[in-house]
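# Descriptive analysis of the structure
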Amino acid sequence: MKLNHIHLKVSNLERAKKFYIEMFGFKVREQLGPYLFLHLGDEHHALALQERENASIPEENTLGLYHVALEVENEEAFQEILKKVQKHKIPHTEVDHTISKTVYFSDPDENGLEIMIDTRKQKDQVWKGKNR
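Presented here is an overview of the structure given in this document. Since this is a predicted model, take the numbers as computed values, not measurements.

If you walk across this open sheet you meet the four strands as E5-E8-E7-E6, and the pairing is mixed. A strand with exactly one partner marks an edge of an open sheet, and here the two such strands are strand E5 (68-71) and strand E6 (93-96). Going across the sheet, the axis of each strand differs from the next one's by a mean of 20°, ignoring polarity. Two elements, E6 and strand E7 (residues 100-106), share four bridges in a ladder whose sense is antiparallel. Note that in E7 the partner of aspartate 96 across the bridge is lysine 101.

Structure below.
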């Protein structure tokens, strides 16, 4: 089994499309009415966006998705996204989890996002199989 894609509900499809393309480099695969399918490579889509007019943002202590984590391959890619977050003045939190370095922030509809780099893959660190 593997995770195939993420499907997010958004209040404004064009705004969300612009955000995910500019921030992460997603490309449009196709649009079917209020559904937009974005990809990063050969897959049909890694991210589906669905416009829901007049939808409300869930309150902080409700159940549901906490965040989506996107892993980048190297420090350069990590810093590139961090600079975009800072340039757009998006509130964010940077965290070093020892096994990974992350930046947490939200998209325009408050869907939680995490950009992370697995520091265990860095030459100067060796993962010993300890529990995370």
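Let us keep going from here.
Grouped together as the largest cluster of nonpolar side chains are 25 residues, with contacts concentrated most on Phe19, Tyr20, Phe24, Leu49 and Phe105. Going through the elements one at a time, strand E1 (6-10), helix H1 (13-24), strand E3 (35-39), strand E4 (47-51), helix H2 (75-87), E7 and strand E8 (112-118) are the ones with two or more residues in this core. Ranked by the residues each element gives to this core, the list is headed by H1, at six residues. In this structure, leucine 49 is in contact with Leu8, Val10, Leu13, Ala16, Lys17, Tyr20, Pro34, Tyr35, Leu36 and Leu38, ignoring residues within four places of it in sequence.

Tallied over the entire structure, the rule returns six aromatic pairs. Here the aromatic rings of phenylalanine 19 and tyrosine 20 are separated by 5.1 Å at their centres, their planes lie at 85°, and the arrangement is edge-to-face. The pair formed by phenylalanine 19 and tyrosine 20 is uniform in burial state, with each residue classed as buried. With 6.2 Å between their ring centres and 75° between their planes, tyrosine 20 and phenylalanine 26 make a pair best called edge-to-face. For phenylalanine 26, a relative accessible area of 5% translates into the label buried. Ring pairs connect the aromatic residues Phe19, Tyr20, Phe24, Phe26 and Phe105, which therefore count as one cluster.

Glancing now at the environment of aspartate 96. Here aspartate 96 lies in strand E6. Judged by its relative accessible area of 58%, aspartate 96 falls in the exposed class. Residues aspartate 96 and glutamate 114 lie 18 residues apart in sequence; the distance between their C-alpha atoms is 12 Å. A polar contact is formed between the side chain of aspartate 96 and the backbone nitrogen of threonine 98, at a distance of 2.8 Å.

Further remarks concern the packing of H1 against H2. Two elements in contact, H1 and H2, have axes separated by 9 Å at closest approach and are oriented at 135°. One way to sum up the angle between H1 and H2 is to call them oblique. Residues Glu22, Met23 and Phe24 of H1 form the contact with H2, whose participating residues are Ile81, Lys84 and Val85. For the contact of H1 with H2, the class distribution of residues is four nonpolar, no polar and two charged.

Cut-offs and rules
- Residues numbered from 1 in each chain as written.
- Predicted model: local features only at pLDDT ≥ 70, side-chain atom pairs only at ≥ 80, totals over all residues.
- Heavy atoms only, no water.
- Pairing = 2+ DSSP bridges.
- Helix = DSSP H or I, 4+ residues; strand = E, 2+ residues; numbered from the N terminus.
- Axes fitted to C-alpha atoms, helices over the stretch in contact; angles between N-to-C directions.
- Core = buried A, V, L, I, M, F, W, Y, C linked by side-chain atoms within 4.5 Å.
- Buried < 20%, exposed > 50% of the residue type's maximum accessible area, 1.4 Å probe, protein only.
- Contact = heavy atoms within 4.5 Å.
- Phe/Tyr/Trp six-rings, centres within 6.5 Å; stacked < 30°, edge-to-face > 60°.
- Polar contact = N/O pair within 3.5 Å; in protein donor to acceptor, adjacent residues only side chain to side chain.
- Parallel < 35°, antiparallel > 145°, perpendicular 65-115°, else oblique.
- Nonpolar A, V, L, I, M, F, W, Y, C, P; charged D, E, K, R; others polar.

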